[in-house]
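Okay, here's what each chain looks like letter by letter:
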Amino acid sequence: MSASPTSNVLAFPAPTPEQSRDFMAAKLSYHADAWDVAEDLRNGIEAIVVIDTRSPAHYAAGHVPGALSFPHRTMDEHSTAHLDRSKVYVTYCDGIGCNGSTKGAYKLARLGFQVKEMLGGLDFWIRDGQPVATGPERGQMPTARPAIECAC
């Protein structure tokens, strides 16, 4: 008689449906994906402000159209005084190998702003086929949608 295989997945029990629901709702409160951010920008949702937390040089090389260049290293009480506290700030950086968006979201939250982090940063934005603005100007998100559809 051979021993039945041990499950690596079930080595830790799955949460209850209620625990999963609550955890996933919390996770969605902290993050937004690139597709959803693009749709909100296309639809002119004014309740969000997208912030590129990278250096001005990286911003100029390519950024989310309409994003504000605000490097996380410069965020403090004085530099954020002009920001509207009624908005939700969505931070991003290069992608999963960069934590500038996390640092920016942390600093903004510490200063009393509502924040979300855009998953995958500019890398996932580009993978979704979204447009990229270049130069020091914010630019504007076009209203036309990319030819590809979000798989999510």
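The structure presented is a predicted model; accordingly, all values stated were derived computationally and were not measured. (Residues numbered from 1 in each chain as written. Predicted model: local features only at pLDDT ≥ 70, side-chain atom pairs only at ≥ 80, totals over all residues. Heavy atoms only, no water.)

### Regarding the nonpolar core
Here comes step 1: If you look at the biggest cluster of nonpolar residues, it comprises 16 residues, and the most contacted ones within it are Val37, Leu41, Val50, Val64, Tyr92, Met118 and Trp125.
Here comes step 2: In terms of residues, this core owes the most to one element, helix 2 (residues 34-42), which gives 4 residues.
Here comes step 3: In this view, tryptophan 125 contacts Ala34, Val37, Ala38, Leu41, Val64, Pro65, Met118, Gln130, Pro131, Val132 and Met141; residues no more than four positions away in its chain are not counted.
Here comes step 4: Core analysis: the next-biggest nonpolar cluster, separate from the first, contains 9 residues, Val49, Ile51, Leu111 and Phe113 among them. (Core = buried A, V, L, I, M, F, W, Y, C linked by side-chain atoms within 4.5 Å. Buried < 20%, exposed > 50% of the residue type's maximum accessible area, 1.4 Å probe, protein only. Helix = DSSP H or I, 4+ residues; strand = E, 2+ residues; numbered from the N terminus. Contact = heavy atoms within 4.5 Å.)

### Focus: the side chain of arginine 54
Here comes step 1: With respect to the secondary-structure elements, arginine 54 resides in the loop between strand 2 (48-52) and helix 3 (56-61).
Here comes step 2: What makes arginine 54 buried here is its relative accessible area of 7%.
Here comes step 3: Side-chain polar atoms of arginine 54 contact the side chain of aspartate 52, separated by 2.7 Å.
Here comes step 4: A polar contact of 3.0 Å, which involves the side chain of arginine 54, links it to the side chain of aspartate 94.
Here comes step 5: Those residues in contact with arginine 54, other than ones at most four positions away along the chain, are Tyr59, Gly62, His63, Pro71, Tyr92, Cys93, Asp94 and Leu122. (Polar contact = N/O pair within 3.5 Å; in protein donor to acceptor, adjacent residues only side chain to side chain.)

### Thoughts on the sheet that holds strand 5 (residues 114-118)
Here comes step 1: Here 5 strands make up an open sheet; going across it, the order is 1-5-4-2-3 and the pairing parallel. Two strands close off the open sheet at either side, each with one partner strand: strand 1 (31-32) and strand 3 (68-69).
Here comes step 2: As paired strands, strand 1 and strand 5 are joined by 2 bridges and run parallel to one another. When the bridges of strand 5 are listed, alanine 32 appears paired with methionine 118.
Here comes step 3: Docked against the sheet, helix 1 (residues 17-30) engages strand 1 and strand 5, running at close to 95° with respect to strand 5.
Here comes step 4: Together, strand 1, strand 2, strand 4 (88-92) and strand 5 form the strand contacts of helix 2, whose direction differs from that of strand 2 by roughly 125°. (Pairing = 2+ DSSP bridges. Axes fitted to C-alpha atoms, helices over the stretch in contact; angles between N-to-C directions.)

### Points about the UniProt feature "domain: Rhodanese" (unreviewed entry) in the protein
Here comes step 1: Mapped onto the present numbering, the UniProt feature "domain: Rhodanese" (unreviewed entry) falls at residues 44-134.
Here comes step 2: A helix fraction of 26% and a strand fraction of 19% characterise residues 44-134, whose end C-alpha atoms lie 20 Å from each other. (UniProt positions renumbered as here; feature names shortened; annotations may be inferred.)

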